[in-house]
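Chain by chain, the residues run as shown.
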Amino acid sequence: MSPQPPTPVAGRISRRTLLKATPATAGALATAVAFAELETPAEAAANFVRGVDISWAPQMEARGYSWRNADGQTRDLLTTLKGYGITAVRLRTFVNPSSDPANGHCGINEVAAFAKRVKAAGMSIMLDYMLGDTWNSVGVQNPPAAWRNMSYTQMRTAMGTYVNQTMTVMRNNDVLPTWVQIGNEINSGICRPVGGVSSPAQMTGLLNAAYDQVKAVSPNSTVCIHLAQPQKYDAMTTFFSRFAANGGKWDMSVFSSYGSTDVAAGIVGNMKRISDAYGKPFLQSEFGGRVDRASSTQAALAAYIKALKANGGQGIFYWEPECMSPFTGYDMGAWDSATKRPSVIMNGFTQA
């Protein structure tokens, strides 16, 4: 039998208390405020984050790509996104990436350089640790090549060192992230097989090493656990029950979902069930839909935003809306490759 989830946190912490916090306690208090002050749907809706992951943008720019606004004028991508109410940008980072434009790059120095532009545009930053040299996702969780033959103890040390060093790069560039994802769609664990969900103590130890070093460098960053496919509630429960039972540390639960309009309410309802069970706030850190079915994707985006607001979700991030062919064959961006203008998908951000 899975252990019972902890009782959700009750009560409120005043912002005055947070402002009086010492550096040692500020992170914990910031986390408490996140789920104690923004408990109600009305409060969450008032502070709702509209975000995008545009990690491909620097490599697209380096290869001559540019973006037009809805009027057909070439503008800085961030400026155009702000016109749709976008207030946050999610950026992934790989450990030792290749130079492949679509499947590599995103080393921490590149990320920090782009994050400076994001901050200058007045937007918040989410840092997504892939914890691999290239893509990790719900079906793939490979460790960096340099860690592949490490024991658990060695890998835990490497994890802490890596996160500390990379967060320090962000701090030195004055671009500390508001949110930090320690792993990407980690339903099956991280750095498998060492940190697989079937070895929950080791999985938790690796994730806690990352958590601790994020907080050591940036106490006020909200550390997120990211799972995919929240429609599979049993899989969500398997991960979180094992993680919590082994002393897992996290501040927010975040989810990927690419479902259609008709399933949005139910999927967000599952996100809320996890939020309520573990006393953590939540948001949707990935959404997308086919650009060649722009009207239905627009409707789905609006449906998710409405459902998230109604259930106390704190925001939504669209995954790579800026992508265009032939840079990539990914067909779930939100820009028209022929006109270089945003498709109607982006209007979903302003309609809910």
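As shown above, the structure is provided for reference.
1. A short note on the overall build of the chain
Moving on, step 1. The secondary structure content of the chain amounts to eleven helices and twelve strands.
Moving on, step 2. Looking at the chain alone, contacts between residues at least 24 apart form 76% of all its contacts between residues at least 6 apart.

2. Considering the packing of helix α9 (residues 233-245) against helix α10 (residues 261-278)
Moving on, step 1. Two elements in contact, α9 and α10, have axes whose closest approach is 11 Å; the angle formed by their N-to-C orientations is 20°. Relative to α10, the element α9 is oriented roughly parallel. Here α9 runs over α10; the crossing is right-handed. Here Tyr233, Met236, Phe240, Ser241 and Ala244 of α9 come into contact with α10, specifically with Asn270, Arg273, Ile274 and Tyr278.

3. Digging into the pattern of salt bridges
Moving on, step 1. Tallied over the full model, the rule gives 13 salt bridges.
Moving on, step 2. The salt bridge partner of Lys119 is Asp174, with a shortest N-O separation of 2.9 Å. Of this pair, Lys119 sits in helix α6 (residues 108-120) while Asp174 sits in the loop between α7 (152-172) and β6 (179-182), placing them 55 residues apart in sequence.
Moving on, step 3. Under the relative-accessibility criterion, Lys119 is labelled partly exposed at 41%.
Moving on, step 4. What you see here is one network of salt bridges that share partners, running through Asp53, Arg90, Arg92, Asp128, Glu286 and Glu320.

4. Quick look at the nonpolar core
Looking at soluble globular proteins, one finds that nonpolar side chains tend to be buried together.
Moving on, step 1. In terms of nonpolar packing, the biggest core is built from 96 residues, with Leu81, Met159, Ile225 and Phe239 touching the most fellow members.
Moving on, step 2. Considering each element in turn, this core owes the most residues, nine residues, to α7.
Moving on, step 3. Among all residues touching Ile225, those that are not within four sequence positions of it are Ile182, Ile186, Leu207, Phe239, Phe240, Phe243, Trp250, Met252, Ser253 and Val254.
Moving on, step 4. Membership of the second largest hydrophobic core comes to nine residues, among which are Met126, Met252, Val254 and Phe317.

5. Thoughts on the sheet that holds strand β1 (residues 49-53)
Moving on, step 1. Taken in spatial order, the eight strands close into a barrel running β1-β4-β5-β6-β9-β10-β11-β12, and their pairing is parallel. This sheet shows a mean twist of 25° between the axes of neighbouring strands, independent of strand direction.
Moving on, step 2. Alignment of strand β5 (residues 124-129) against β6, held across four bridges, turns out to be parallel. Note on β6: the bridge partner recorded for Leu127 is Val180.
Moving on, step 3. Running over the sheet, α6 touches β4 (88-93) and β5 and is turned about 170° from β4.
Moving on, step 4. Across the sheet, helix α8 (residues 200-217) lies against β6 and β9 (222-228), angled at about 160° from β6, the strand it touches most.

6. Concerning the side chain of Ser241
Moving on, step 1. Relative to the elements of secondary structure, Ser241 occurs in helix α9.
Moving on, step 2. A polar atom in the side chain of Ser241 sits 3.2 Å from the backbone oxygen of Thr238.

7. Examining α6
Moving on, step 1. Along its 13 residues, α6 runs 18 Å from first to last C-alpha, staying within 8% of the 18 Å computed at 1.5 Å per residue.
Moving on, step 2. Ile108, Val111, Ala112, Phe114, Ala115 and Val118 are the residues of α6 that are buried.
Moving on, step 3. Where the residues of α6 are buried, they touch α4 (57-62), α5 (77-82), β4, β5 and α7.
Moving on, step 4. Trailing α6 by a residue or two, Gly122 shows a phi angle of about 85°, which is positive.

8. Focus on the packing of aromatic side chains
Moving on, step 1. A full pass over the atoms with the stated rule returns 19 aromatic pairs.
Moving on, step 2. Between Phe239 and Phe240 the ring centres are 5.4 Å apart and the planes differ by 85°, which places this aromatic pair in the edge-to-face class. The exposure classification of Phe239 matches that of Phe240, with both residues buried.
Moving on, step 3. Geometrically, the ring pair formed by Phe243 and Trp250 is tilted, given 5.2 Å between the ring centres and 45° between the ring planes. Here the two residues Phe243 and Trp250 agree in accessibility, since each one is buried.
Moving on, step 4. Each residue in the set Trp56, Tyr65, Phe94, Trp135, Trp319, Phe327 and Tyr330 is aromatic and connected to the rest through ring pairs, giving one cluster.
Moving on, step 5. If you follow Lys309 out to its NZ or CZ, it ends over the ring of Phe48, 5.7 Å from the centre.

9. As for the pairing of β9
The side chains of a regular strand alternate, residue by residue, between the two faces of the sheet.
Moving on, step 1. Burial within β9 is extensive, with seven of its seven residues counted as buried.
Moving on, step 2. As paired elements, β6 and β9 share three bridges and run parallel to each other. Its bridge partner being in β9, Gln181 is matched across the sheet by Cys224.
Moving on, step 3. Relative to strand β10 (residues 252-256), β9 is paired through five bridges, and the arrangement is parallel. Opposite Ile225, over in β10, you have Ser253 as the bridge partner.
Moving on, step 4. Read as a crossover between parallel neighbours, the route from β9 over α9 to β10 is right-handed.

10. Focus: the side chain of Glu286
Moving on, step 1. With respect to the helices and strands, Glu286 occurs in strand β11 (residues 282-287).
Moving on, step 2. One polar contact links Glu286 to Tyr258, side chain to side chain, over a distance of 2.6 Å.
Moving on, step 3. In contact with Glu286, other than residues within four places in its own chain, are Arg90, Asn184, Glu185, His226, Phe255, Ser256, Ser257, Tyr258, Phe317 and Trp319.

What counts, and at which threshold
Residues numbered from 1 in each chain as written. Predicted model: local features only at pLDDT ≥ 70, side-chain atom pairs only at ≥ 80, totals over all residues. Heavy atoms only, no water. Helix = DSSP H or I, 4+ residues; strand = E, 2+ residues; numbered from the N terminus. Contact = heavy atoms within 4.5 Å. Axes fitted to C-alpha atoms, helices over the stretch in contact; angles between N-to-C directions. Parallel < 35°, antiparallel > 145°, perpendicular 65-115°, else oblique. Left-handed = near helix turned anticlockwise from the far one by under 90°. Salt bridge = Lys/Arg side-chain N within 4 Å of Asp/Glu carboxyl O. Buried < 20%, exposed > 50% of the residue type's maximum accessible area, 1.4 Å probe, protein only. Core = buried A, V, L, I, M, F, W, Y, C linked by side-chain atoms within 4.5 Å. Pairing = 2+ DSSP bridges. Polar contact = N/O pair within 3.5 Å; in protein donor to acceptor, adjacent residues only side chain to side chain. Expected span 1.5 Å × (residues − 1). Phe/Tyr/Trp six-rings, centres within 6.5 Å; stacked < 30°, edge-to-face > 60°. Lys NZ or Arg CZ within 6 Å of the ring centre and 35° of its normal. Right-handed = clockwise from strand over helix to strand, strands pointing away.

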